[in-house]
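The chain contents come next:
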Amino acid sequence: MHSPTFFNGTYDETMALLIEARNYIAYHDAMEHRALPPHVRLQISYESMRVTSRLTQVMAWLLAQKAVHAGEITREQAAGDDFALSGGDVCTDPSGPENEALPAGLRSLLERSHRLYMRVSRLDEMVREDVRQAAVG
């Protein structure tokens, strides 16, 4: 099993990105994008929601892992569907950072949230496989 220190570092990284995304959406979005065409504002809204979805999925998964380390739930419970990393195609789609119509700050958040989501997705699969292997043998 991974150490709590590793999960704490990933938790801190996720929290920092969540705060950055919140600040970006609350302040930059409102101030800088009023003059943009409606279709670009729609793209910005969509991509902002994708960042938010990725980060909230990751945070929920990490909180479940912290609960395992604290003895609040079992590894088997954490590996179940209720605590699975979800988000499917929306969260795994890497597009966005290459879209020059989007502001640089949003493109950066898209790229970093995608890398984090994919890294945690691999961890989720590792945890699930560990639980499956323990159940088998």
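Residues numbered from 1 in each chain as written. Predicted model: local features only at pLDDT ≥ 70, side-chain atom pairs only at ≥ 80, totals over all residues. Heavy atoms only, no water.

Engineer: Got a minute to help me understand the overall build of the protein chain in this structure?
Structural biologist: Within the protein chain, the secondary structure is distributed over five helices and zero strands. Principal axes of the C-alpha set define a box for the protein chain whose edges measure 60 × 25 × 20 Å. The contacts in the protein chain between residues at least 6 apart in sequence include a share of 78% that link residues at least 24 apart. Counting every atom, the protein chain has about 7700 Å² of accessible surface; 57% of that belongs to carbon and sulfur. The centroid of the 14 positive side-chain charges in the protein chain is displaced by 4 Å from the centroid of its 19 negative side-chain charges. (Helix = DSSP H or I, 4+ residues; strand = E, 2+ residues; numbered from the N terminus. Contact = heavy atoms within 4.5 Å. Areas by Shrake-Rupley, 256 points an atom, 1.4 Å probe, with all protein chains shown as cover. Lys, Arg positive; Asp, Glu negative; His and termini not counted. Charge placed at Lys NZ, Arg CZ, Asp CG, Glu CD.)

Engineer: Please explain the nonpolar core as it appears in this structure.
Structural biologist: Soluble globular proteins tend to bury their nonpolar side chains together. Core analysis: the biggest nonpolar cluster contains 24 residues, and Val-51, Val-58, Trp-61 and Leu-106 have the highest contact counts within it. Within the residue set of this core, elements represented by two or more residues are α1 (4–32), α2 (38–69) and α5 (104–136). Among residues more than four places away in sequence, those in contact with Leu-106 are Tyr-24, Ile-44, Glu-47, Ser-48 and Val-51. Counting five residues, the second-largest nonpolar core is a separate cluster that includes Ala-64, Ala-67, Val-68 and Ile-73. (Core = buried A, V, L, I, M, F, W, Y, C linked by side-chain atoms within 4.5 Å. Buried < 20%, exposed > 50% of the residue type's maximum accessible area, 1.4 Å probe, protein only.)

Engineer: Is there a simple way to explain the packing of aromatic side chains in this structure?
Structural biologist: In this description, a pair of aromatic rings is defined by centroid distance and the angle of the planes. This structure, assessed with the given rule, holds zero aromatic pairs. Cation over ring: Lys-66 sits above Tyr-11, and NZ or CZ is 4.1 Å from the ring centre. (Phe/Tyr/Trp six-rings, centres within 6.5 Å; stacked < 30°, edge-to-face > 60°. Lys NZ or Arg CZ within 6 Å of the ring centre and 35° of its normal.)

Engineer: For this particular structure, what's the right way to read the environment of Leu-85?
Structural biologist: Along the chain, Leu-85 falls in the loop between α3 (75–78) and α4 (88–92). Note: C-alpha distance between Leu-85 and Met-59 (26 residues apart in sequence) is 9.4 Å. Once residues within four sequence positions are removed from consideration, Leu-85 is found in contact with Gln-57, Val-58, Trp-61, Tyr-117, Val-120, Ser-121 and Asp-124.

Engineer: Is there a simple way to think about the packing of α2 against α5 in this case?
Structural biologist: Helix-helix packing: each pair is described by the crossing angle between the helix axes and the interaxial distance. With their axes 9 Å apart at the nearest point, α2 and α5 run at an angle of 30° to one another. Of the two possible hands of crossing, α2 and α5 adopt the one that is left-handed. Here Ile-44, Glu-47, Ser-48, Arg-50, Val-51, Arg-54, Leu-55, Gln-57, Val-58, Trp-61 and Gln-65 of α2 lie close against α5, whose contacting residues are Leu-106, Leu-109, Leu-110, Ser-113, His-114, Leu-116, Tyr-117, Val-120, Leu-123, Asp-124 and Val-127. Taken together, the residues that form the contact of α2 with α5 break down as 13 nonpolar, five polar and four charged. (Axes fitted to C-alpha atoms, helices over the stretch in contact; angles between N-to-C directions. Left-handed = near helix turned anticlockwise from the far one by under 90°. Nonpolar A, V, L, I, M, F, W, Y, C, P; charged D, E, K, R; others polar.)

Engineer: Where do I start with the confidence of the model for the protein chain in this structure?
Structural biologist: Where the model shows low pLDDT, its predicted coordinates should not be examined in detail. The share of residues in the protein chain with pLDDT of 70 or more is 93%, and the mean pLDDT across the chain is 90. Averaged pLDDT values for the elements of the protein chain fall to 84 in α1 and rise to 95 in α5. (pLDDT = per-residue confidence, 0-100.)

Engineer: So what exactly am I meant to see when it comes to the pattern of salt bridges here?
Structural biologist: Pairing between side chains of opposite charge can happen when the charged atoms of each approach one another. For the coordinates displayed, the defined rule picks out nine salt bridges. When the shortest N-O distance is used, the salt bridge between Asp-93 and Arg-50 registers 3.3 Å. Of this pair, Asp-93 sits in the loop between α4 and α5 while Arg-50 sits in helix α2, placing them 43 residues apart in sequence. Given a relative accessible area of 27%, Asp-93 falls into the partly exposed group. For Arg-50, a relative accessible area of 2% translates into the label buried. One salt bridge connects Arg-132 with Glu-125, and the closest N-O pair in it is separated by 2.6 Å. (Salt bridge = Lys/Arg side-chain N within 4 Å of Asp/Glu carboxyl O.)

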